[in-house]
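Each chain is listed here by its residues.
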Amino acid sequence: MKSFRAIGGMSGTSLDGLDIVLCNFKHQNKWSFSIEKSQTVNYNKKWKTKLSNAPSLTGYDLNILDLEFGGFIAEAINTFLENTETKADVIASHGHTIFHQPEKRLTLQIGNGHEIAVQTGLKTITNFRALDVALGGQGAPLVPVGDELLFSDFDFCLNIGGFANISYSDNSKRFAYDIGPANIILNYLTNKIGHDYDKNGALGVLGNSDPELLNTLNSLEYYSRKPPKSLGREWLEHYFMPILDNSQLLIHDKLRTVYEHIALQISGAFNLKQQSKTLVTGGGAYNKLLIKLIKKNTKSELIIPDKDIVDYKEALIFSLLGILKLEGKANCLSSVTGARKNSSTGNIYSP
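Caption draft 1: Local environment of the packing of aromatic side chains. Considering all chains together, one arrives at 17 aromatic pairs under this definition. Centroid distance phenylalanine 128 to phenylalanine 318: 5.4 Å. Interplanar angle 80°. Geometry classified as edge-to-face. Separated by 190 residues along the polypeptide, phenylalanine 128 in the loop between β7 (124–126) and α4 (130–134) and phenylalanine 318 in helix α11 (residues 307–326) bring together distant segments of the chain. Judged by relative accessible area, phenylalanine 128 falls into the buried class, the value being 2%. In textbook terms, an aromatic cluster arises when at least three aromatic residues are bridged by ring pairs, as seen for Tyr222, Tyr223, Trp235, Tyr239 and Phe240. Across from the ring centre of phenylalanine 80, 5.1 Å away, lies the NZ or CZ of lysine 37, which sits over that ring. The ring of tryptophan 47 has lysine 50 lying over it, and the distance from NZ or CZ to the ring centre is 5.1 Å.

Caption draft 2: A look at the packing of helix α7 (residues 211–218) against helix α9 (residues 251–268). Running from N to C, α7 and α9 point in directions that differ by 40°, and their axes come no closer than 9 Å. In terms of axis orientation, α7 runs oblique to α9. Between α7 and α9 the crossing geometry is right-handed. Only Lys254, Thr257, Val258, Glu260, His261, Leu264 and Gln265 of α9 make contact with α7, whose side of the interface consists of Leu213, Leu214, Leu217 and Asn218. Classifying every residue of the contact of α7 with α9 by side-chain character gives 5 nonpolar, 4 polar and 2 charged.

Caption draft 3: The packing of helix α6 (residues 183–191) against α9, seen in detail. Where α6 meets α9, the closest approach of the two axes is 10 Å, and the angle between their N-to-C directions is 175°. If you check the angle between α6 and α9, you find them roughly antiparallel. Across the interface between the two elements, Ile185, Leu186, Leu189 and Thr190 of α6 pack against Ile251, Lys254, Leu255, Val258, Tyr259 and Ile262 of α9. For the contact of α6 with α9, a count of residues per class yields 8 nonpolar, 1 polar and 1 charged.

The rules we used
Residues numbered from 1 in each chain as written. Predicted model: local features only at pLDDT ≥ 70, side-chain atom pairs only at ≥ 80, totals over all residues. Heavy atoms only, no water. Phe/Tyr/Trp six-rings, centres within 6.5 Å; stacked < 30°, edge-to-face > 60°. Helix = DSSP H or I, 4+ residues; strand = E, 2+ residues; numbered from the N terminus. Buried < 20%, exposed > 50% of the residue type's maximum accessible area, 1.4 Å probe, protein only. Lys NZ or Arg CZ within 6 Å of the ring centre and 35° of its normal. Axes fitted to C-alpha atoms, helices over the stretch in contact; angles between N-to-C directions. Parallel < 35°, antiparallel > 145°, perpendicular 65-115°, else oblique. Left-handed = near helix turned anticlockwise from the far one by under 90°. Contact = heavy atoms within 4.5 Å. Nonpolar A, V, L, I, M, F, W, Y, C, P; charged D, E, K, R; others polar.

Printed below as a string of structure tokens:
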């Protein structure tokens with residue numbers, strides 16, 4: 001039996017914070033895991049502003065931010081490991097996505113690997129998406145490898161983060177894609193009325209769904225596209241947000257309509273199987289209104305696991321991607337991304 005310890009770091013599009021996990025993996029015919037320690041380092045207002053404004057920076061300033069954010073990640077991991085005697089084999093850091101336009105062969109996640117490796121003294125792997133994009137893939141989603149290896153008991157794995165994504169196996173192949181925007185657009189609307197997010201959907205229940213707006217959102221071209229497909233903030237700002245900004249509806253009505261839209265798009269993704277079990281993770285798993293609306297529109301049994309899996313599944317799987325990279329094994333699947341071949345992706349930095 002092989003045993004590994006890895007640290008996973010994940011910064012999502014919702015700008016909630018940096019998720020960090022210390023995981024123990026064992027492999028004997030199949031993979032098993034335990035999360036030994038987990039933490040979210042919340043972004044303060046300064047970091048939220050820096051990361052949200054990053055796409056408009058000059059090349060010079062973006063490079064400065066890359067170094068600075070690498071230092072931030074390293075400091076957060078060093079603090080996380082205080083009073084922990086365990087030595088990790090590797091840090092696998094997703095970084096924070098600034099650009100994701102795979103049709104232009106462009107994807108960029110900042111959080112400098114040299115800085116993390118040198119400041120922590122641990123081998124570090126970053127830049128998990130670029131190789132797949134160079135191979136003609138979407139560079140996303142990356143989590144389905146872990147879904148296949150760690151959560152194969154479920155028919156579907158649904159993650160409701162900034163964007164909702166799903167993965168599943170069909171004819172012994174893994175498939176996955178981004179369904180549509182989720183928390184990122186709910187937060188966008190709730191921010192307009194002075195809230196960071198809509199806890200349990202309490203604000204969403206105050207509004208009424210508008211059939212015309214709902215139909216407009218459901219008619220967006222992306223939803224009729226066949227996988228592989230993925231989304232980035234650029235798509236959201238170009239296609240989705242203008243529809244909401246141009247609507248004269250009250251914010252609460254926009255919010256409730258977006259809830260209905262998200263639930264319909266997610267529930268429609270389960271139609272491949274009549275009877276199924278779906279693992280639900282990500283911040284959206286805690287949103288009672290959203291889960292209620294999804295349940296109303298699907299027969300799939302929604303299973304919300306323990307808090308560590310809900311909150312840290314993506315960071316957990318990135319730590320596994322790091323181990324797979326060190327082992328020279330495929331950690332990115334062409335059946336998921338549409339690339340020419342499977343790959344072992346990520347850049348390795350030694351301290």
